[in-house]
Amino acid sequence: METESEPYVRLATLRQLHRVVAQLNTARSLADTLQTVVDGIVVGLGYELACVNLVRPDGDLVVAAFAGDPAAEALITGRVGSRSSWERRLTMGENWDGLRFIPHTEGWVLMEDDVPQWHTEGPEPRFEDEWHPEDRLYAPMYASGGELLGVISVDRPRNGRRPGAWGREALQMYAFQAAIAISNARLRANMQRALVRLEREQQALRASEESFRQAFEYAPSGMAIAEMGGDQHGRLLRTNDALCRLLGRPASVLRRYSFSDLVHPEDIGTLLRTSAEGGRAELRLGRRDGTYVWVSLRNSVVADAADGPRFLLTHVEDIEERKRHELQLAHRASHDSLTGLPNSAELRSRLGARLCRRPQSVRATAVEALDAAYEGREAHAGHGDGYEVRSEAGGAGEHGFQPDGPDRFAGSDPFEYAGTLPAQADGPYDHHVHTVAPTTDVDDGTKGLAVLFCDLDGFKSINDRFGHHTGDAVLIEVARRLTTGVRDGDTVARLGGDEFVVLADGLGAADAADLAVRLRSAIIPPIRVDGRAVRVGASFGIGWASCGMSADEVLRSADQRMYIEKRSRSKAHRRAG
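The shown structure was predicted, so the numbers you read here are calculated from the model rather than taken from an experiment.

Q: Would you explain the overall build of the chain in this entry?
A: Secondary structure summary: the chain contains 18 helices and 18 strands in total. A burial count over the chain gives 44% of its 577 residues as buried. By sequence separation, contacts in the chain at least 24 residues apart represent 60% of the contacts at least 6 residues apart. Just so you have it, the chain exposes about 30,900 Å², and 51% of that area is on carbon and sulfur atoms.

Here it is, written out as structure tokens:
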């Protein structure tokens with residue numbers, strides 16, 4: 001029911017609303033705008049308490065500003081309520097033309113949710129429109145696109161009554177203007193941050209360019225910039241002093257080349273397979289003096305501008321020392337530490353690389369080749385291959401076989417050291433060059449891979465009489481004499497102890513026998529150690545490697561022949577001195 005003073009109240013409220021709305025647009029920051037919003041409600045709209053719950057980027061609402069009660073402000077400012085709890089509140093109670101009023105008779109269910117709230121107890125209302133301390137009135141604020149910006153929460157009207165139609169309309173208008181002011185404040189803040197960020201980015205870009213220039217020029221390792229695309233793809237545009245020193249060429253000369261012009265011929269494939277973005281490669285680059293140096297290349301793509309031409313930035317690290325160390329480690333792993341000869345594992349690897357699983361005389365049908373592709377070794381069973389996969393029990397000695405006797409190689413997988421050719425390659429389309437052996441000890445013109453097993457005679461007595469120092473010196477000299485007595489492509493390996501093996505390809509039976517005689521004659525002469533002359537003899541057994549055998553079977557065959565040869569001579573004749 002309107003009274004005579006209602007028009008005056010409306011006019012006074014409108015004037016006050018105009019003043020507080022005008023204050024909204026004078027705030028200089030988002031925080032000032034939010035505080036101005038709640039202060040305007042307390043000063044101009046007649047509520048004792050007001051707060052703004054602002055939507056955060058994650059969707060939850062935080063109490064961003066509070067006015068009317070310092071104690072309440074200290075308690076709930078900065079606290080967060082979940083979006084789900086707020087959505088629940090904005091669908092409860094009574095809808096007052098965009099406002100949401102939840103009377104205390106319904107709001108008691110909200111006392112335990114996570115929305116920050118401040119309420120005081122009070123008596124039950126004495127008349128219908130009296131305000132209760134637990135009544136809640138919310139004014140949602142929306143952006144122009146309908147997105148929720150936040151919620152204004154008010155409490156304790158000064159007249160003690162629920163707002164009438166005009167009071168509701170005034171709060172709704174104020175919330176609308178507050179949403180505009182908050183959006184504008186956010187826009188100004190974003191623009192200011194963008195300007196500051198742009199200026200900082202420009203400063204950072206200038207500093208980065210200078211830092212890049214200094215890092216490029218004064219880097220301790222090589223750096224290069226090359227063209228990408230076009231006719232001059234890969235051409236070096238810029239190099240630093242470290243790369244010039246590494247390659248022994250001035251920058252003016254390097255600008256005539258690309259890395260493909262400088263790489264070692266054997267490494268050109270590695271370079272071509274290296275991707276531009278994030279590619280890595282280890283290869284050799286040519287120096288001015290004609291030598292090559294091992295380097296590690298790391299590529300990255302850089303652009304001169306957002307849409308400008310792209311360049312290839314390559315970091316060139318000298319890894320010559322590391323490569324040398326790696327080669328030394330690999331050599332140690334595959335060679336005997338005392339004599340420098342290939343060790344047992346390396347010998348078996350080299351021998352196994354020449355062998356496949358099928359003898360040359362046995363050729364598989366096309367169906368068998370397909371079976372082999374799917375079934376591996378099991379496909380060969382029952383086809384008359386003349387061999388079988390064995391797994392015999394037997395303890396291994398220090399070098400993977402029994403220390404004495406012809407059965408020292410028993411107990412290992414006969415194909416453990418076989419070549420890496422797949423089983424399906426052993427069919428009618430097999431392009432593997434089979435290793436064959438002479439069928440008899442008489443030279444019939446067949447050339448094969450001879451395996452000479454050498455065991456020193458009288459070495460143990462030297463060790464016992466003169467000590468391991470003398471024994472080691474004897475082994476080193478024997479290794480030297482064996483290496484000197486074979487061809488460049490042959491292999492001399494030490495199995496361990498006083499046993500050596502020679503692999504000599506392309507020999508006939510007579511050639512192998514002659515080689516054994518020459519090597520024995522080279523070993524027999526006295527060896528001087530610390531002014532003392534000592535002598536050892538040597539027994540040789542000649543075996544032949546052929547496809548269908550494993551590396552162990554080949555070595556076992558040569559070992560057995562060596563024992564036969566050793567026992568065929570008297571002890572006096574076995575030892576040369």
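Q: What is the right way to read the packing of helix 2 (residues 30–44) against helix 6 (residues 165–218) from this model?
A: How two helices pack is summed up by the angle between their axes together with the distance between the axes. Running from N to C, helix 2 and helix 6 cross one another at 165°; their axes reach a closest spacing of 9 Å. Considered as vectors, helix 2 and helix 6 are oriented roughly antiparallel to each other. Relative to helix 6, helix 2 is oriented so that their crossing is right-handed. Along its contact with helix 2, which presents Leu30, Thr33, Leu34, Thr36, Val37, Gly40 and Ile41, the element helix 6 presents Tyr174, Ala178, Ala181, Ile182, Ala185, Arg186 and Arg188. Among the residues forming the contact of helix 2 with helix 6, the class breakdown is 9 nonpolar, 3 polar and 2 charged.

Q: Even after reading the chapter, I still don't get a nonpolar patch on the surface, so can you show me in this structure?
A: The grouping of Trp108, Val109 and Met111 at the surface amounts to a nonpolar patch, some 300 Å² of accessible area in total. Position of Val109 among the secondary structure elements: in the loop between helix 5 (104–107) and strand 6 (136–142). A relative accessible area of 32% places Val109 in the partly exposed class.

Q: When you look at the pairing of strand 2 (residues 61–67) in this model, what are you seeing that I'm missing?
A: Within a regular strand, side chains alternate between the sheet's two faces. Most of strand 2 is tucked away: 6 of the 7 residues are buried. Across 6 bridges, the pairing between strand 1 (residues 47–55) and strand 2 is antiparallel. Counted as the bridge partner of Val55 is Leu61 from strand 2. The loop that links strand 1 with its antiparallel partner strand 2 comprises 5 residues; one of these, Gly59, has a positive phi angle of about 100°.

Q: Any chance you could explain the environment of Arg255 here in plain terms?
A: Here Arg255 shows up in the loop between helix 8 (251–254) and helix 9 (259–262). Overall, the relative accessible area of 38% leaves Arg255 in the partly exposed class. Discounting residues that sit within four places of it in the chain, Arg255 has contacts with Arg235, Leu236 and Leu237.

Q: What is the right way to read the sheet that holds strand 18 (residues 537–545) from this model?
A: Across a sheet, paired strands are connected by hydrogen bonds in the backbone, their directions being either parallel or antiparallel. Reading across the sheet, the 4 strands line up as 14-15-13-18 and stay open at both edges, with antiparallel pairing between neighbours. Unpaired on one side and paired on the other, strand 14 (491–496) and strand 18 mark the two borders of the sheet. The average angle at which neighbouring strand axes cross in this sheet is 25°, direction not considered. Here strand 13 (residues 448–457) runs beside strand 15 (residues 499–507); their pairing, made up of 7 bridges, is antiparallel. The residue of strand 15 that forms the bridge with Ala450 is Ala504. Helix-sheet contacts for helix 12 (residues 344–353) involve strand 13, strand 14, strand 15 and strand 18, and the interaxial angle to strand 14 is about 135°.

The rules behind each value
- Every chain's residues receive numbers from 1 upward, in the order its sequence appears when written.
- For this predicted model, a pLDDT threshold of at least 70 governs which residues receive local features, and a threshold of 80 or more governs which side-chain atom pairs are given and counted, while totals over whole chains, interfaces and linings are taken from all residues.
- Working from all heavy atoms in the structure, the side-chain values ignore hydrogens and water.
- What counts as a helix is a DSSP run of H or I of at least four residues, what counts as a strand is a run of E of at least two, and both are numbered from the N terminus.
- A 1.4 Å probe rolled over the protein chains alone gives each residue an accessible area, and that area as a share of the maximum for its type sets the label: buried under 20%, exposed over 50%, partly exposed in between.
- For this analysis, residues touch if any pair of their heavy atoms sits within 4.5 Å.
- All accessible areas in this document rest on Shrake-Rupley with a 1.4 Å probe, and a residue is counted as covered only by the protein chains that are shown.
- To obtain an axis, a line is fitted to C-alpha atoms, over the contacting stretch when the element is a helix, and the angle between two such axes runs from 0 to 180 degrees between their N-to-C directions.
- The cut-offs work like this: below 35 degrees is roughly parallel, past 145 is roughly antiparallel, 65 to 115 is roughly perpendicular, and the gaps in between are oblique.
- Left-handed describes a crossing whose near helix is turned anticlockwise from the far helix by less than a right angle; the clockwise case is right-handed.
- Each residue is assigned to one of three groups, with Ala, Val, Leu, Ile, Met, Phe, Trp, Tyr, Cys and Pro labelled nonpolar, Asp, Glu, Lys and Arg labelled charged, and all others, Gly among them, labelled polar.
- By definition, no residue in a patch forms a salt bridge, and every one has over 30% relative accessible area; like charges are joined within 9 Å, nonpolar side chains (Val, Leu, Ile, Met, Phe, Trp, Tyr) within 5 Å.
- Within this document, salt bridges are pairs made up of a side-chain nitrogen of Lys or Arg and a carboxyl oxygen of Asp or Glu, the two lying within 4 Å of each other.
- Strand pairing is assigned whenever DSSP identifies at least 2 bridges connecting the two strands.

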